[in-house]
Amino acid sequence: MNTSLNTPTATPTATPANGLPTTDPALENALREALDVVEDRLRLAVGNADPIADAASRHLVEAGGKRVRPMLTVLGAHLAEPERAELPGEVVDAAIVCELTHLASLYHDDVMDEAPTRRGVPAAQHQWNNNVAILTGDLLFARASNVVAGLGPEAVRVQAETFERLCLGQLHETVGPRAGEDAVAHYLDVLSDKTASLIATAGRFGALFGGGSGEVVTAMIRYGEAVGVAFQLADDVLDLTSDTDESGKRPGTDLREGVPTLPVLLVRRAAADGDLAAARIVALLDSGHLDDDDVLAEAVAALRAHPGTDAARATAREWAQRATSHLTALADSPARRALETYAATVADRVA
């Protein structure tokens, strides 16, 4: 892994105008239809007779989202059988399991990070309180467990292993690197568990329940592990470079909340190596005044201008290229090309 400040950049592939990672008409229609079904089923899955539980569970579903995990589940199924006309019901169930698990983790993350907003709406703990947010996350984990139980023992085992990695990733992020441990390597391990594990499971379930061979299932696992890291590294860069109107995320949100990101870690490494500009940025970050809008804006601008941010973006591209490399042994198909397009664009997205 090259995380130096001189990492070369790559030329990204343009994102298709339709918002989906494909220009193949048949696959585009199949994706849209499948994701519409997933969306309807997801809203049913979070419903509850209790009015408080119902409102809290629907809070983030109603706020929208990219639905990356269901999309990769559906693409995994089409990768397994490119000419399929209709998805098996298990594929839709698997997509719902992954999105419910993701949503549940967001409720917990926002409490731990004291995040004020999520997807353009107040975070659940601000809409209600910490206890309601935590219990709502638990409730959604329970709903995911109920759905995955219908997919059989193997799916339950995979879900349990994924859940364990989600917890370990959050734990290791909270505790931080051990004495003498490289902070960047530690952070990439955190991302592998906290973000990539569930993305890999989404693709794995799609290939598995879509009837894919062992080779296809393995390719989707490895693809998901790599593209998941790329996805989160791109989020790190977006925290500094995004336009609020495009991303829905205010620049510097992670900085203000003290969330470690790769640009910050690379700048800290540069400061330790004697980079004076990096040292000035670190002084700003450690000043204790990032709750002041002017200080935060100064820190964001300085980080944007430092080579560490370009290096972080280049690292995201490296992980995206690694994801694509795991598909090369598979036969060419619209689904494979869509996965390659998604990997090529994920590191340079604006939202």
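Residues numbered from 1 in each chain as written. Predicted model: local features only at pLDDT ≥ 70, side-chain atom pairs only at ≥ 80, totals over all residues. Heavy atoms only, no water.

Draft legend 1. Geometry of the overall build of the protein chain. A tally of regular secondary structure across the protein chain gives 16 helices and two strands. A burial count over the protein chain gives 51% of its 351 residues as buried. The contacts of the protein chain with a sequence gap of at least 6 include a subset with a gap of at least 24, amounting to 73%. (Helix = DSSP H or I, 4+ residues; strand = E, 2+ residues; numbered from the N terminus. Buried < 20%, exposed > 50% of the residue type's maximum accessible area, 1.4 Å probe, protein only. Contact = heavy atoms within 4.5 Å.)

Draft legend 2. Focus on the nonpolar core. If you look at the biggest cluster of nonpolar residues, it comprises 63 residues, and the most contacted ones within it are Leu-72, Tyr-223, Leu-233 and Tyr-342. For this core, the element with the highest residue contribution is helix α9 (residues 214–241), accounting for 12 residues. Residues within four places of Tyr-342 in sequence aside, it is in contact with Pro-21, Val-68, Met-71, Leu-72, Tyr-223, Val-227 and Phe-231. In terms of nonpolar packing, the next biggest core, distinct from the first, is built from 20 residues, Val-46, Leu-60, Leu-100 and Phe-141 among them. (Core = buried A, V, L, I, M, F, W, Y, C linked by side-chain atoms within 4.5 Å.)

Draft legend 3. Structural view of unusual backbone geometry. With phi around 55°, Arg-67 is a residue other than glycine that occupies positive phi space. Examined against the element boundaries, Arg-67 turns out to sit in the loop between α2 (51–62) and α3 (68–80). Taking the relative accessible area as the measure of exposure, Arg-67 reaches 9% and is therefore buried.

Draft legend 4. Just helix α13 (residues 276–285), in detail. Along α13, the residues classified as buried are Ala-278, Ile-281, Val-282, Leu-284 and Leu-285. Relative to the axis of α13, the buried residues are bounded by an arc of 155° and lie together on one face. Turned more than 90 degrees away from the buried face of α13 sit Leu-276 and Arg-280, all of them exposed. On its buried face, α13 sits against α11 (253–257), α12 (262–272) and α14 (293–305). Backbone nitrogen of Ala-277 and a side-chain oxygen of the N-cap are separated by 3.0 Å at the start of α13; the cap is Asp-275. (Arc of directions from axis to C-beta. Polar contact = N/O pair within 3.5 Å; in protein donor to acceptor, adjacent residues only side chain to side chain.)

Draft legend 5. Here's a closer look at the environment of Gly-308. Within the element layout of this structure, Gly-308 appears in helix α15 (residues 307–325). By relative accessible area, which is 0% here, Gly-308 ends up buried. Separated by 45 residues in the primary sequence, Gly-308 and Pro-263 place their C-alpha atoms 5.2 Å from one another.

Draft legend 6. Expanded view of the pattern of salt bridges. If you walk through the whole model with that rule in mind, you get 20 salt bridges. With its nearest N and O atoms 2.8 Å apart, the salt bridge here joins Arg-165 to Asp-193. Here the residue Arg-165 occupies a position in helix α7 (residues 153–175), and Asp-193 occupies one in helix α8 (residues 183–209), the gap between them amounting to 28 residues. Asp-193 sits in the buried class, given a relative accessible area of 16%. Across the pair Glu-225 and Arg-165 runs a salt bridge whose closest N-O atoms are separated by 2.7 Å. Of the two residues, Glu-225 sits in helix α9 while Arg-165 sits in helix α7, which places them 60 residues apart along the sequence. For Arg-165, a relative accessible area of 25% corresponds to the partly exposed category. The network of salt bridges with shared partners includes Glu-39, Arg-43, Glu-62, Arg-67 and Glu-99. (Salt bridge = Lys/Arg side-chain N within 4 Å of Asp/Glu carboxyl O.)

Draft legend 7. Region of the structure containing the packing of aromatic side chains. In this structure the tally under the stated criterion is two aromatic pairs. Judged by centre distance (5.7 Å) and plane angle (50°), the ring pair of Phe-205 and Phe-209 falls under tilted. In this pair, Phe-205 and Phe-209 both sit in helix α8, four residues apart, roughly one turn of the helix. The ring of Trp-319 carries the charged tip of Arg-322 above its face, separated from the ring centre by 4.1 Å. (Phe/Tyr/Trp six-rings, centres within 6.5 Å; stacked < 30°, edge-to-face > 60°. Lys NZ or Arg CZ within 6 Å of the ring centre and 35° of its normal.)

Draft legend 8. Summary view of the side chain of Thr-261. Within the secondary structure layout, Thr-261 lies in the loop between α11 and α12. Thr-261 has contacts with Tyr-187, Asp-236 and Asp-254, leaving out every residue within four places of it along the chain.

Draft legend 9. Molecular detail of a negative patch on the surface. Among the surface-exposed residues, Asp-291, Asp-292, Asp-294 and Glu-298 lie close enough to one another that they form a single negatively charged patch. Within the element layout of this structure, Asp-294 appears in helix α14. The class for Asp-294 is exposed, based on a relative accessible area of 62%. (Patch = residues over 30% accessible without salt bridge, like charges linked within 9 Å, V, L, I, M, F, W, Y side chains within 5 Å. Areas by Shrake-Rupley, 256 points an atom, 1.4 Å probe, with all protein chains shown as cover. Lys, Arg positive; Asp, Glu negative; His and termini not counted. Charge placed at Lys NZ, Arg CZ, Asp CG, Glu CD.)

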